[in-house]
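# Observations on the model geometry
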Amino acid sequence: FLMWKIFGNLMKSSQERQQLLMTGIPANRRVLQLMDTGMLVNHNPQVRIVVQVEPPGRAPYPAECTMVISQLAIPRVQPGCMVALKYDPVNPARIAIAI
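Residues numbered from 1 in each chain as written. Predicted model: local features only at pLDDT ≥ 70, side-chain atom pairs only at ≥ 80, totals over all residues. Heavy atoms only, no water.

### Some remarks on the overall build of the protein
For the protein, the helix and strand inventory stands at 1 helix and 6 strands. The order of α-helices and β-strands along the protein, N terminus first, is α-β-β-β-β-β-β. Relative to its full complement of 99 residues, the protein shows a buried share of 31%. (Helix = DSSP H or I, 4+ residues; strand = E, 2+ residues; numbered from the N terminus. Buried < 20%, exposed > 50% of the residue type's maximum accessible area, 1.4 Å probe, protein only.)

What follows is the structure in structure tokens.
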């Protein structure tokens, strides 16, 4: 049951992320923090990424997402780096980072 619960949530999160990457609005974004959650999926870490989102015509705001990322991509999401991001116009706190 525990494995189903964990992997079910990961699959749902991945599907929501893919949907947001297709339908969301692009914004300027800078990584503020990168934190390890302590979980590995296929030897890749799950991380929490905090970014400063700067949508056109709106005030900048911080937002965060949790995702599994390849170990090879970790240098691209260090604090200070710019990342490709889309946000949900209905709920701007919902973001998806394209890595």
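### Concerning the nonpolar core
With 18 residues, the main nonpolar core has Ile 49, Val 51, Val 53, Leu 85, Ile 95 and Ile 97 as its most contacted residues. Among the elements of the structure, strand E3 (44–54), strand E4 (61–68), strand E5 (84–87) and strand E6 (95–98) are those that each provide at least two residues to this core. Excluding residues within four positions of it along the chain, Val 51 makes contact with Arg 30, Val 31, Leu 32, Tyr 61, Pro 62, Ala 63, Val 83, Leu 85, Ile 95 and Ile 97. (Core = buried A, V, L, I, M, F, W, Y, C linked by side-chain atoms within 4.5 Å. Contact = heavy atoms within 4.5 Å.)

### Some words on the pattern of salt bridges
What the rule picks out here adds up to 2 salt bridges. One salt bridge connects Glu 64 with Arg 48, and the closest N-O pair in it is separated by 3.3 Å. Placement of the pair is Glu 64 in strand E4 and Arg 48 in strand E3, with a sequence separation of 16 residues. Salt-bridge contacts for Arg 94 lead to Asp 88; the nearest nitrogen and oxygen are separated by 2.8 Å. Taking relative accessible area as the criterion, Asp 88 reaches 12% and is therefore assigned buried. (Salt bridge = Lys/Arg side-chain N within 4 Å of Asp/Glu carboxyl O.)

### Focus on the environment of Tyr 87
Tracing the chain through its elements places Tyr 87 in strand E5. Since its relative accessible area comes to 4%, Tyr 87 is described here as buried. Tyr 87 sits 10 residues away from Ile 97 along the chain, and the two C-alpha atoms are 8.9 Å apart. Discounting chain neighbours no more than four positions away, the residues touching Tyr 87 are Leu 20, Gly 24, Ile 25, Pro 26, Ala 27, Val 53, Pro 55, Arg 58, Tyr 61, Pro 92, Arg 94 and Ile 95.

### A few points about the pairing of strand E2 (residues 28–41)
Of the pairings in the sheet, the one linking E2 to E3 comprises 10 bridges and is antiparallel in character. Bridge assignment links Leu 34 to a residue of E3, and that residue is Ile 49. Where E2 folds back onto E3 in an antiparallel hairpin, the turn is made up of 2 residues, including Asn 42, whose phi is positive at roughly 55 degrees. (Pairing = 2+ DSSP bridges.)

This is a description of form; function is not addressed.
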